[in-house]
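Geometric and topological summary
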Amino acid sequence: MERTYLLGLGWILGLLVRAWPQAAGWGWGILLGLGLAGSLLCRRQPRLARTWLAMGLVGCLAWNYLGWRQPFPGPTDISLLAPQQQMNLVGTVLSEPRPTRSGRLQFWLRAEQVLNADSTARQVSGKLYVTTGPEALQDKDLHPNQRVRLTGSLYLPSPALNPGSFDFQAYLQRQGAFAGFSAREVILQPGGRGWGGWVLRRRVREAFVAGLGERQGNLLASLVLGSGAAQLDFDLQDAFREIGMAHALAASGFHVSLLVGVVFVLTRRLAVRLQQGIILAVLGLYIALTGFSPSVLRAALMGAAAMVVLTEPRLEGKVKLNPLGTLLVAAVLLLIYEPLWITDLEFQLSFAATLGLLVGTAPIVSRLDFLPPAVATALAVPLAAQIWTLPLQVAIFGRIPTYSLLANPLLLILLVPLLVAGFGVAFVALLSPGLGSLLARPLGLLLTPLINWVSWIAGWPFSSYYTGGVSLLQCLLLYGALVALTFWPRWQRAFRWQGTALILVGILLGPGLWPGPAVQITALASGRIPILAIQAEGRHLLLNSGDPRLAERTVLPFLRQRGLRRLDGAVAMTSAGSANGGWEILLSAFSKGVRPANAIGQFWDGGGANAASESYLRSLSAVQAAGIPYRVLQPADRIPVSQRLSLQAIHTNPLVLTLETEGSHWLLLGSAGTHVQAELTGSPLMPAQIDWLWWDGGSLILDLLERFQVQAGISSGPVSEAVTAWFRQKQRPLYVADRAGAVSWSRRGVQTLKAQLD
C-alpha cells in the first residue's frame, strides 16, 4: 500500500508543480530530484528505493501530461481576432445565463462563425465568456445547445494588476477560454438540441421556486444540487461564505454520502443486484443534475466503491475498503480524466476536507471524550475539515471564518433534514413539477430559520479574521506539518498535537511578524482614477477610494490582502467625478460588527462641496454619520502620519500634497489638471526638487518636470507619448501601474506586480 500511495502522490505532485507558473519550465527537475533523494535515503530497502525513483518518474510523466493537456488558442480561435469594438458572431450556448454582481447576465458560448459586413462568414472556434444586459434576453428562453447570433464587442481578459484582485485572464484560461464578448444584442437562431442535463436542473429549480418563491426556492436548489443549479442572491451567498458554510451551497461529498446512505437504507430489503442498480442509477442521475462537478465525481467514485464492498456478497468479509487509498485512487483517476482540475479550488477543497475527515475526526473525538459522543462527533467533523482546508483558505482568500466551528454543527440541525427532504422532492419534481412544488412548500419552515440564522451569525463582530497575504511556501509548510502529525510517528512523539498547533500558528503568523519596511507607498493600477496606499510605522492611510465598483473589486481586496481591518486615515483628493464615490463601500466593509467610528481614524478632503458629485456627497454623509472626525484641509496644513513621513497640502479643490519620507520628496498630484500645475510652478510650498511624481497619467506641463527636476514618476493610468519621451530622454524611470501592475516603493527599492518599466 505504501508503494501505491507514493506513486499516486507522485502523479498529483507532478501536476501541482506544472501548474505552478514559476516552475513551468524546469519543475520536472524538482520531481526527479525528489525521487532520487528518496531512493538514496531508502537505499537499504531496495524495493522502497525503486518505488521512490518510480515516483519521480511518474511525477515527470504527470508534469508532461498537464503540459500536453494545457489549453491554448488554436489557429482559428476567436481570441486571435480580439480586440474588436463591433462584431457579429454566431455560436452555440454552453451554459444557462447567470446574473453577475454588476447586474448583467453571463453565459459560455462556443464560437462558430464571424459574420463580415459583406454578408460572408468566417469560420472560427474557441470558447467565449459572454455578458449581456437583462434587456437583451427579455422574453428569450436561452439555454445550452441553443444557437444564437450576437452583436457586440470582443475583448481580451485582463490579468490581476493589484494584489488581492481577481485574475480574470487566469480564470478564463482555466476554463479553456481566451477572450470575452460583451453582447448588445442576442438573436436566437434555428438549430441546436433542446435536451440535456440542464433540462433536469431547470425542472427541479422551477418546481422549488414555484413552491417557495425566488429566494427560498433558489436556496433549496443550491443546497440540493449545488450553486451551479440556482441563481442565489449574492447577499445570501456572502453570508454563507462569511461564516465558513460556503460548502453547503456546493454539491460535495457530504451530499453524495447522505444521498447514498438514504437510498441504501430504503433499498436494504431488495435483492442485491437490484439494490446496486438503484444506487448506481441514483448516483448517475445526481451527477447529471449537478453538472459533473469535480467534488461530486470524486464522492461518486468513492461511494460506488463503498457500495460494491458493502453490498456484494462475494466480497463480504474478504475485502476491506481503505478510505485513504480509495480517496487517492479517485483523485488520480479524475486527474487523468481532467488534469486541469488540479488548479480548481472546488476540487482542492473537496479533497482536503475529505482527507481531514478521514484522518482527523477519530483523533479529535478521542480528545473530546469528556463530551457526549453525539456532541463530540458534531464538533469533530467540521473541525477536522476546517483544519485541513485552512492552508488553502488563507492562501486563496486570506481569511479565516471565526465562527465556522460553531456555525457548522448548529446549522447541521437544519441542513440534514432539508437535504434529505430536498432529495426526495427533487426526484418527485422530475416526474411531476406540480406535485414537487406542492411538496416543497413545507420546507419553508426549515429554510426561514436557516436564512435567519446564517444572516444573524454573519453579522456578529469579527466574523472573519483576515490574515493578509500567505505565500505558497507557507501553505506547503502548513500542509507538511499536518501530514507529519498524521503519518510520521517520530513527529507525533516529539510534538504531539499541541506542538503542531503552535508550529502551525508560527508558520501562519511568523512572516507577518518579520520586520518589513518602515514606510511603504503603493500606487494601485486603477486607470485614470489615482489611488495611493501609504503604510508608515504601522499606520495606514488611503488617498482616494475610486468609484463604488473600483472600491469593492480593487481597493477592498488589496486592503484585505494586507490583512487590514481599519484605516488610520483617509484622504479624498477631489470631490468631483467618481474618484471618491466608494468610501461608503469601504466604511461598510470595515465597520462590520464594530462601531463605524472605529473603521476609519480620520477623514480629510480639500473642500469644493459645490462641485462635488452625488456619489461623493453620499460617501461624505456616511463618514459624518459614523462619527468619524472630518476636516477640510487648507494650503500649508499637515496630515499627521508618523515621525518618518509627513504630508502637507499645497493646493485644495482638487487637493495636491507633498510627501517627505526617508530623504525622498514626493509630489502627489493626483488628478490635478494643467491649470493647477501652472499655479504650482509658482507656489512657495513646492520643494526645490521632486524625487517622485505621482499622478493619474493625464496631461502634464513639461515645464513642471523641468523646473523641479523630477527624478522618477509613477502613473496610475496611460501616459502621453510626450511625457514618456521626456522621461526616456532624461533616462529617468517611469512606472505605469496600468501596465506594470501596482507599484510599491520603499527604501529597499521599487517593486511592481509585473516586471515592466517605461
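Above: the structure in question.
Note that the structure is predicted; figures quoted are calculated from it, not measured.

If you walk across this open sheet you meet the eight strands as S15-S14-S13-S12-S11-S10-S23-S24, and the pairing is mixed. Every other strand in the sheet has two partners, leaving strand S15 (630–632) and strand S24 (749–752) as the edge strands with one partner each. Strand-to-strand, the axes of this sheet are offset by a mean angle of 15°, without reference to chain direction. Lying over the sheet, helix H20 (residues 583–590) contacts strand S12 (539–543), strand S13 (569–572) and strand S14 (603–605), oriented at roughly 170° with respect to S13.

A few words now on the packing of aromatic side chains. In the structure shown here, the tally under the stated rule is 21 aromatic pairs. Taking the centre distance of 4.6 Å and the plane angle of 45° together, the rings of Phe347 and Phe351 count as tilted. Taken as a pair, Phe347 and Phe351 lie in helix H12 (residues 345–367) at a separation of four residues, close to a single helical turn. The class of Phe347 is buried, set by a relative accessible area of 5%. An angle of 80° between the planes, with centres 5.4 Å apart, marks the rings of Trp666 and Trp745 as edge-to-face. Taken together, the residues Trp666 in strand S19 (residues 664–670) and Trp745 in strand S23 (residues 743–746) connect sequence positions 79 residues apart. The pair formed by Trp666 and Trp745 is uniform in burial state, with each residue classed as buried. A network of ring pairs unites the aromatic residues Trp108, Tyr129, Phe166, Phe168 and Tyr171 as a single cluster. Across the ring face of Trp108, the terminal group of Lys127 is positioned such that the distance to the ring centre comes to 4.7 Å.

So, on to the nonpolar core. Of all hydrophobic cores here, the largest spans 74 residues; its most connected members are Leu219, Leu223, Phe240 and Leu450. Of all the elements, helix H14 (residues 404–431) adds the most residues to this core, at ten residues. Not counting residues within four places of it along the chain, the set of residues in contact with Phe240 comprises Leu219, Met245, Ala246, Ala248, Leu249, Leu450 and Val454.

A few words now on a nonpolar patch on the surface. A surface patch of nonpolar side chains, about 600 Å² in accessible area, is lined by Trp20, Trp26, Trp28, Ile30, Leu472 and Leu476. Put simply, the parts of the chain that give the nonpolar patch at least two residues each are helix H2 (27–41) and helix H17 (472–487).

The next subject is unusual backbone geometry. Ala82 connects to Pro83 through a cis peptide bond whose omega is 0°. Looking at the element boundaries, Pro83 is found in the loop between helix H3 (46–69) and strand S1 (84–93). For the peptide bond that leads from Asn653 to Pro654, omega is 5°, which places it in the cis range. Within the secondary structure layout, Pro654 lies in the loop between strand S17 (645–651) and strand S18 (656–661). The phi torsion at Asp139 lies on the positive side, around 65°, for a residue other than glycine. Turning to its location among the elements, Asp139 is positioned in the loop between strand S5 (127–132) and strand S6 (147–155). According to the relative accessible area criterion, Asp139 is exposed, its value standing at 77%.

What follows deals with the packing of helix H7 (residues 234–242) against helix H16 (residues 444–458). Contact geometry of H7 with H16 gives a least axis separation of 9 Å together with a crossing angle of 60°. You can see that H7 and H16 cross each other, and the crossing is left-handed. Residues Leu236, Ala239, Phe240 and Glu242 of H7 form the contact with H16, whose participating residues are Leu450, Ile451, Val454 and Ala458. Across the contact of H7 with H16, the residue classes break down as seven nonpolar, no polar and one charged.

Opposite charge on two side chains makes pairing possible when the charged atoms of those side chains draw close. Evaluation of the coordinates by the stated rule reveals 18 salt bridges. Across the salt bridge formed by Arg110 and Glu112, the nearest N and O atoms sit 3.9 Å from each other. One network of salt bridges, in which partners are shared, links Glu96, Asp141, Arg202 and Arg205.

Moving on, we get to the pairing of S18. The buried fraction of S18 is high, at five of six residues. Judged from the six bridges that link them, S17 and S18 form a sheet pairing that is antiparallel. Bridging from a neighbouring strand, His651 pairs with Val656 of S18. Here S17 folds back onto S18, and the loop between the two strands holds four residues, one of which, Asn653, carries a positive phi near 50°. Both S18 and S19 contribute to a ladder of five bridges, which runs antiparallel. If you follow Leu659 over to S19, its bridge partner there is Trp666. Taking the residues between adjacent antiparallel strands as the criterion, S18 and S19 are bridged by two residues, where Glu662 takes a positive phi near 50°.

Read from one edge of the open sheet, seven strands run S16-S17-S18-S19-S20-S21-S22, paired in mixed fashion. A single partner strand is all that each edge strand has here, and the edge strands are strand S16 (638–642) and strand S22 (734–736). Along the sheet, successive strands turn relative to each other by an average axial angle of 15°, direction set aside.

Here we come to the packing of helix H6 (residues 214–225) against H16. H16 packs onto H6 with a crossing angle of 90° between their chain directions and a minimal axis gap of 10 Å. When the interaxial angle is binned, H6 and H16 end up roughly perpendicular. Two secondary-structure elements touch here, H6 through Arg215, Gln216, Leu219, Leu220 and Leu223 and H16 through Gly444, Leu447, Thr448, Leu450 and Ile451. Residue classes in the contact of H6 with H16 are distributed as six nonpolar, three polar and one charged.

Here we take up the side chain of Glu96. Considering the arrangement of structural elements, one finds Glu96 in the loop between S1 and strand S2 (98–99). With a relative accessible area of 15%, Glu96 lands in the buried category. In terms of polar contacts, Glu96 uses its side chain to reach the side chain of Arg205, at 3.3 Å. Setting aside residues no more than four positions away along its own chain, Glu96 makes contact with Gln106, Phe107, Pro144, Trp198, Arg202 and Arg205.

In a regular helix each residue adds 1.5 Å, so 14 residues correspond to 20 Å; helix H19 (residues 548–561) covers 19 Å between its end C-alpha atoms and thus fits that length. Bending of H19 peaks at approximately 30° at the position of Val555, with proline Pro557 no more than four residues after it. Regarding H19, the residues found buried are Leu550, Ala551, Thr554, Val555, Leu556, Pro557, Phe558, Leu559 and Arg560. Of the residues trailing H19, Gly563 is marked for its positive phi of about 80°.

Here we come to the environment of Leu390. With respect to the helices and strands, the residue Leu390 is situated in helix H13 (residues 373–396). Classification of Leu390 as partly exposed rests on a relative accessible area of 23%. For Leu390 and Pro401, which are eleven residues apart along the polypeptide, the C-alpha to C-alpha distance reads 9.7 Å.

Glancing now at the pairing of strand S10 (residues 519–523). In terms of burial, S10 is a largely internal element, five of the five residues being buried. Burial along S10 is two-sided: Val519, Ile521 and Ala523 and Gln520 and Thr522, pointing in opposite directions, are all buried. Taken together, the five bridges between S10 and strand S11 (residues 532–536) define a ladder with antiparallel strand orientation. When the sheet's bridge partners are listed, Ala523 is paired in S11 with Leu532. Pairing of S10 with S23 involves three bridges; the strand directions are antiparallel. Across the sheet, the residue bridging to Thr522 is Ser744, located in S23.

Here is what the cut-offs are and how they apply
- Residues numbered from 1 in each chain as written.
- Predicted model: local features only at pLDDT ≥ 70, side-chain atom pairs only at ≥ 80, totals over all residues.
- Heavy atoms only, no water.
- Pairing = 2+ DSSP bridges.
- Helix = DSSP H or I, 4+ residues; strand = E, 2+ residues; numbered from the N terminus.
- Axes fitted to C-alpha atoms, helices over the stretch in contact; angles between N-to-C directions.
- Contact = heavy atoms within 4.5 Å.
- Phe/Tyr/Trp six-rings, centres within 6.5 Å; stacked < 30°, edge-to-face > 60°.
- Buried < 20%, exposed > 50% of the residue type's maximum accessible area, 1.4 Å probe, protein only.
- Lys NZ or Arg CZ within 6 Å of the ring centre and 35° of its normal.
- Core = buried A, V, L, I, M, F, W, Y, C linked by side-chain atoms within 4.5 Å.
- Patch = residues over 30% accessible without salt bridge, like charges linked within 9 Å, V, L, I, M, F, W, Y side chains within 5 Å.
- Areas by Shrake-Rupley, 256 points an atom, 1.4 Å probe, with all protein chains shown as cover.
- Salt bridge = Lys/Arg side-chain N within 4 Å of Asp/Glu carboxyl O.
- Left-handed = near helix turned anticlockwise from the far one by under 90°.
- Nonpolar A, V, L, I, M, F, W, Y, C, P; charged D, E, K, R; others polar.
- Parallel < 35°, antiparallel > 145°, perpendicular 65-115°, else oblique.
- Polar contact = N/O pair within 3.5 Å; in protein donor to acceptor, adjacent residues only side chain to side chain.
- Expected span 1.5 Å × (residues − 1).
- Bend = angle between axes of the 7 residues up to and from the residue.

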